[in-house]
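# Notes for the structure review
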Amino acid sequence: SEDVFKKVVAHCKEYGYVFQSSEIYDGLGAVYDYGQYGVELKNNIKKYWWDAMVLLHDNVVGLDSAIFMHPKVWEASGHLDAFSDPLIDNKDSKKRYRADVLIEEYLQKIEGKINKEIDKAKKRFGDAFNEEEFRSTNQRVLANQAKIDETHSRFVKALEDNNLTDLRQLIIDCDIACPVSGSRNWTEVRQFNLMFSTEMGSTAEGANTIYLRPETAQGIFVNYLNVQKTGRMKLPFGIAQIGKAFRNEIVARQFIFRMREFEQMEMQFFVQPGEEIKWFEYWKEARMKWHKALGFNDEDYRYHDHDKLAHYANAATDVEYQFPFGFKEVEGIHSRTDFDLSQHQKFSGKKIQYFDPERNESYVPYVVETSIGVDRMFLQVLSASYEEEVINEEKNDTRVVLKLPAPLAPVKLAVLPLVKKDGLPEKAKEIIKELRYSFNCQYDEKDSIGKRYRRQDAIGTPFCVTVDHDTMEDNTVTIRYRDTMEQERVKIQDLEKIIGKQVNL
Ligand code: ATP
């Protein structure tokens, strides 16, 4: 629920995972910084992705292209013309909304009315209730359903025709009140481009407007020939990249779910024309497996196949996760045909093709892409890991624990001397010295051992090792497992193997 979401957000700040950008200046909207544990988790997510894509696939190679690109790139890709949101302002409240979101919310509201009607009838008729029959005969339900159908078809048409006048008229006809003041006084709808721009060059006259990339993919497309030629790559092959992207998002109120500066992990897979659907299905399955391999609830993942496709796509699906605020996109998998490479061929005047020795012909390859946001995945992982556990109801004993998959956990191992004397701290530090090249270790001697365990639970450390007086005699330690809180006596020399087995992928 929303409540859990609030707790996750608060936890992120309290334990050094995520801070608001420029917080001492009251923050900058929809921009965030990653703290001491956040940066480690983020790096581990990126490594988990990079290893699965680049190391485990012979035919996928990496790339790191620049954020700044030639302005023509965004003409060719269509971003300059079409990467925009339709915005509308309310003249009385002076609030700005996305026109499409207003209408979607309106449709949901009517849907809610229908559901209420059905719930009421269910209670009244009990087992005898037949929903289908009720929907097709109840006057109020029928009237509301007709409203939905009509609004929806006008909505889709206005979007398809990019008709902003109709979009505004629809908001007026639906009598959508401004959610804040109830006012119905709307401006025109304007298209608002999501790309940030700046100037490159030393003088204003000689300067060129350039854009911060809104996706990393274009850096891959414009390097297709470089990589294919120098790497002597044969189709099918992929290019993978992790990097920052920037979008001037308007509705940006969901913490790191929607940011103005964020990071993407994208892979473009180049295939023979005609083979794209086969590869789309391959990546669709492979990507879902990758998500589920983290070991969270399988039922919290689903596909959302698109039935309305962008003009250049011939298949598209999202991997959605059930966040505390509902099922939402984490990753997109798209079959983009030869759209991007053909556009760059046209705009650059350079031949961007593949010579296929088997077919003995040249052609523009087709592309299947997988695109996932690092930050959104970060939020997914934290939402899935956050738990409040009751340990002893009578004693009112609870703990907050991040059940992070061990390979992603920022700190793998905490080494804790039971007391601050008798050589135990030195012994603990010796253990860290041995293991620090294999795992991120943390030393902690402050407060009672119970308090220290809880602190490690809250940052998601999967293993705690306690050094006590017996350790000095027999070189054994107590290892405590985060999720079960079980404790075991083991030899110091076995620690690396025990921990390594769970931490290394
Ligand atoms: P949405 O519909 O949520 O705006 P999108 O369909 O525009 O997303 P894509 O352009 O397909 O997203 O981008 C691919 C991935 O990049 C998304 O699945 C998401 O994980 C991530 N992403 C996109 N925009 C943002 C953002 N503003 N903040 C954080 N992550 C983002």
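Residues numbered from 1 in each chain as written. Predicted model: local features only at pLDDT ≥ 70, side-chain atom pairs only at ≥ 80, totals over all residues. Heavy atoms only, no water.

On to the domain arrangement of the protein, then. Domains assigned within the protein are domain 1 (2-83 + 197-383), domain 2 (89-192) and domain 3 (411-503). Taking the mean C-alpha position of each, domain 1 and domain 3 sit 38 Å from one another. With six residues of domain 1 at the contact, the number on the domain 3 side is six residues. Here domain 1 meets domain 3 over a buried area of about 500 Å², counting both sides, of which 51% is carbon and sulfur. When the buried surface of domain 1 facing domain 3 is broken down by residue, Tyr15, Tyr17 and Tyr37 rank first, second and third, together holding 67% of it. In this assembly, domain 1 and domain 3 are joined by zero salt bridges. Counting every contact that joins domain 1 to domain 3 gives three residue pairs in polar contact (both at pLDDT 80 or more). Counting residues per element, the side of domain 1 that touches domain 3 draws most heavily on helix H2 (residues 36-55), which supplies three residues. Looking at the side of domain 1 that touches domain 3 residue by residue, the class counts come to three nonpolar, two polar and one charged. (Domains from an automatic or database assignment. Contact = heavy atoms within 4.5 Å. Buried area = accessible area lost by both parts, 1.4 Å probe. Salt bridge = Lys/Arg side-chain N within 4 Å of Asp/Glu carboxyl O. Polar contact = N/O pair within 3.5 Å; in protein donor to acceptor, adjacent residues only side chain to side chain. Helix = DSSP H or I, 4+ residues; strand = E, 2+ residues; numbered from the N terminus. Nonpolar A, V, L, I, M, F, W, Y, C, P; charged D, E, K, R; others polar.)

Next up on the list: unusual backbone geometry. Between Leu235 and the following residue, Pro236, the backbone shows a cis peptide bond with an omega angle of -5°. You can see Pro236 is positioned in the loop between helix H10 (224-230) and strand E9 (237-246). Its identity as a non-glycine residue notwithstanding, Asp175 has a phi of 60°, on the positive side. Structurally, Asp175 can be placed in the loop between helix H8 (164-173) and strand E6 (186-193). One non-glycine residue with positive phi stands out, namely Asn360, at about 55°. Within the element layout of this structure, Asn360 appears in the loop between strand E14 (354-356) and strand E15 (361-363).

Quick look at the site of the ligand now. The ligand sits among 15 residues. The nearest are Glu249, Arg258, Met259, Glu329 and Val330. The separation between an oxygen atom of the ligand and a polar side-chain atom of Arg258 is 2.7 Å. Glu329 places a side-chain nitrogen or oxygen 2.6 Å from an oxygen atom of the ligand. Relative to its unbound accessible surface of 590 Å², the ligand loses 81% to contact with the protein. Those elements giving two or more residues to the shell around the ligand turn out to be strand E10 (261-271), strand E13 (326-337) and strand E16 (366-373). Considering every element that reaches the shell around the ligand, the biggest residue donor is E13, with four residues. Across the shell around the ligand, the residue classes break down as five nonpolar, four polar and six charged. (Near = heavy atom within 4 Å. Areas by Shrake-Rupley, 256 points an atom, 1.4 Å probe, with all protein chains shown as cover.)

As a further point, take the packing of H2 against helix H13 (residues 374-385). At a closest axis distance of 10 Å, the pairing of H2 and H13 adopts a crossing angle of 110°. The angle between the axes of H2 and H13 places the two elements in the roughly perpendicular class. Listed contacts from H13 to Gly38, Leu41, Lys42, Ile45 and Lys46 of H2 are Val374, Asp375, Met377, Phe378, Val381 and Leu382. Considering only residue class, the contact of H2 with H13 consists of seven nonpolar, one polar and three charged. (Axes fitted to C-alpha atoms, helices over the stretch in contact; angles between N-to-C directions. Parallel < 35°, antiparallel > 145°, perpendicular 65-115°, else oblique.)

Looking now at helix H17 (residues 495-503). The set of residues buried in H17 consists of Leu495, Ile499, Gly500 and Val503. Looking down the long axis of H17, one finds its buried residues gathered within 110° of arc, a one-sided arrangement. Away from its buried face by more than 90 degrees, H17 exposes Lys497 and Lys501. Check the buried side of H17 and you find it contacts strand E19 (413-417), helix H14 (424-435), strand E21 (463-467), strand E22 (476-481) and strand E23 (487-491). (Buried < 20%, exposed > 50% of the residue type's maximum accessible area, 1.4 Å probe, protein only. Arc of directions from axis to C-beta.)

Now for helix H7 (residues 139-160). End to end, H7 covers 32 Å across 22 residues, agreeing with the expected 32 Å (1.5 Å per residue, within 8%). Among all positions in H7, only Val141, Asn144, Ile148, Thr151, Phe155 and Ala158 are buried. Taken down its axis, H7 places every buried residue within 130° of arc, on the same side. Away from its buried face by more than 90 degrees, H7 exposes Gln139, Lys157 and Glu160. Summarising the contacts, the buried residues of H7 are in contact with helix H5 (99-125), helix H6 (131-137) and H8. (Expected span 1.5 Å × (residues − 1).)

One can describe the packing of H5 onto H8 by two numbers: an axis separation of 10 Å at closest approach and a directional angle of 35°. Relative to H8, H5 is oriented so that their crossing is left-handed. Counted together, Ala99, Leu102 and Ile103 of H5 and Leu167, Leu170 and Ile171 of H8 form the full contact between these two elements. Residue classes in the contact of H5 with H8 are distributed as six nonpolar, no polar and no charged. (Left-handed = near helix turned anticlockwise from the far one by under 90°.)

Counted according to the given criterion, the structure contains 25 aromatic pairs. Arranged with centres 5.6 Å apart and planes meeting at 85°, the rings of Phe257 and Phe325 form a pair that is edge-to-face. Here Phe257, found in the loop between E9 and E10, pairs with Phe325, found in the loop between strand E12 (315-323) and E13; they are 68 residues apart in sequence, far enough to count as distant. You can call Phe325 buried: its relative accessible area is 13%. Aromatic ring contacts, followed pair by pair, group Phe5, Phe257, Tyr301, Tyr321, Phe323 and Phe325 into a single cluster. Looking at Arg376, its charged tip hangs above the ring of Phe257, at a distance of 3.8 Å from the centre. It is Arg480 that lies over the ring of Tyr453; its NZ or CZ is 4.4 Å from the centre. (Phe/Tyr/Trp six-rings, centres within 6.5 Å; stacked < 30°, edge-to-face > 60°. Lys NZ or Arg CZ within 6 Å of the ring centre and 35° of its normal.)

Right, let's talk about the sheet that holds strand E11 (residues 301-305) for a bit. If you trace the seven strands from one edge of the open sheet to the other, you get E3-E9-E10-E16-E13-E12-E11, paired in mixed fashion. Sheet topology places strand E3 (60-63) and E11 at the edges, where each strand pairs with a single neighbour. Each adjacent strand pair in this sheet contributes to an overall mean axis angle of 25°, direction not counted. Across six bridges, E13 lies against E16 in antiparallel orientation. Bridge pairing in E16 links His334 to Glu369. (Pairing = 2+ DSSP bridges.)

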